[in-house]
Amino acid sequence: MGKPEEKMKAILRRLENSDVPDVFYKNFEVVEKLKFPGLQLVSRFFWVLLACVIACSVLSKLFISGGRSCIIDMPEDGSKIFREPEFCEICENVTQVDKISNVSAEDFNKNYVKTAKPVVVTDGALKWPALKTFNFEFFKKLFKSVDINRGERKNCQFFPYKTEFKSLREVFDMTPERAQLKPGEKSWYVGWSNCNDNAGNILKGHYEKPYFLSNISENIALSWIFMGGPGRGAHMHVDNVHYPSWQAQLSGKKMWKLAPPPECYYRCKELEVLVEPGEIIVLDTNRWYHETSVLLGDVSITIGAEFD
Ligand SMILES: O=C(O)CCC(=O)C(=O)O
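All residue numbers refer to positions counted from 1 along the written sequence of the respective chain. Under the rules for a predicted model, residues below a pLDDT of 70 receive no local features and side-chain atom pairs below 80 are neither given nor counted, while totals for whole chains, interfaces and linings still include all residues.

A.B. asks: Can you help me understand the overall build of the chain in this one?
C.D. replies: What counts as a helix is a DSSP run of H or I of at least four residues, what counts as a strand is a run of E of at least two, and both are numbered from the N terminus. The secondary structure content of the chain amounts to 10 helices and 12 strands. Going through the 308 residues of the chain one by one, you find that 29% of them count as buried. Placing C-beta atoms from the backbone, we regard two residues as in contact once those atoms come within 7 Å. The contacts in the chain between residues at least 6 apart in sequence include a share of 78% that link residues at least 24 apart. Counting other C-beta atoms within 10 Å of each residue's C-beta, where C-beta atoms are placed from the backbone, gives the exposure class: buried for 20 or more, exposed for 12 or fewer, partly exposed between.

Below, the structure written as structure tokens:
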């Protein structure tokens, strides 16, 4: 302890032995510090800890997913901070994304669901009416006809990615030239979850539960739609949703780049797969980092959902 503290302690001792009533000095901060130096540290530590806990929980709510289940779009590296470390069995020895067809629910479950191995089922959506019916105008008509107060409903999310759009309404107000990706028009790519029951029922008339998912596998009600022109789609991120997902490509072609979790970089490979109309990619987006880009050609339109 330095000299000033020694002197102060001596003054305090003399005050305590004097007739001066302690109300005159006992509430001075310096007296507290000298008498209970540990308490000061504990209380400072407590406040710092509390601030950290609050900051972490707010940040994880805001940023944990760059693709889904987050309140605002995540900075590119944000999701890496809060994720639990992964066992590398999911990606070890996986050197490519298999493209399969005509697969039974049993085999699919054993080889891909249980192992979390990414896969594309090439005949997954080949018979769906959505292959012919889904286009920009279809969604514009549908979402303009139902009363969507997007943003006010629970679980309703909109991802503008690199566009200036603030809502789905704004997307459907873009000019027909831009919607059709005419030369010279600004590119666009957006995603949203449908949480409107009326729209959901209409959408379900155009697609079905993928045939290779077992009967006990729930098709989680919320569907996700991603739509847009050539160029970058979703940036590299990992999700924080409950289950793995399927996503059916109904128009355009989309390249998926998959990366193992960083702790598995030395044991696992990055993978790439092109998904074409009629195909369904199945991926545990909570465990595999993923990024998408749309190839030159038609507007890319996909619909998907989680399953368990
Ligand atoms: O389809 C896309 O472009 C992005 C999909 C995605 O990020 C997701 O499903 O988490």
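A.B. asks: What is the right way to read the sheet that holds strand β9 (residues 271-275) from this model?
C.D. replies: Note on sheets: strands pair through backbone hydrogen bonds, and any given pair is parallel or antiparallel. Spatially, the four strands line up as an open sheet ordered β6-β11-β8-β9, and their pairing is antiparallel. A single partner strand is all that each edge strand has here, and the edge strands are β6 (231-232) and β9. Pairing between two strands is assigned when DSSP locates at least 2 bridges connecting them. Pairing of β6 with strand β11 (residues 289-294), which is carried by two bridges, proceeds in the antiparallel orientation. Bridge pairing in β11 places G231 opposite V294.

A.B. asks: Is there a simple way to think about the sheet that holds strand β10 (residues 280-283) in this case?
C.D. replies: Spatially, the eight strands line up as an open sheet ordered β1-β2-β10-β7-β12-β5-β4-β3, and their pairing is mixed. Both outer strands of the open sheet, β1 (98-100) and β3 (158-159), are each paired with one neighbouring strand and no more. When strand β2 (residues 119-121) meets β10, the two strands line up antiparallel, connected through three bridges. From the neighbouring strand, V120 faces β10, where its bridge partner is I281.

A.B. asks: For this particular structure, what's the right way to read unusual backbone geometry?
C.D. replies: In terms of backbone geometry, most residues other than glycine have negative phi values and most peptide bonds are trans. At N102, a position not held by glycine, the phi torsion is positive, near 50°. Position of N102 relative to the elements: it lies in the loop between β1 and α5 (105-113). Although it is not a glycine, A116 sits at a positive phi angle of roughly 60°. Relative to the helices and strands, A116 resides in the loop between α5 and β2. By the C-beta count within 10 Å, which is 19 here, A116 ends up partly exposed.

A.B. asks: Hey, could you run me through the environment of K99 in this one?
C.D. replies: Looking at the secondary structure, you find K99 in strand β1. For the pair K99 and V275, spaced 176 residues apart in the sequence, the C-alpha separation amounts to 9.5 Å.

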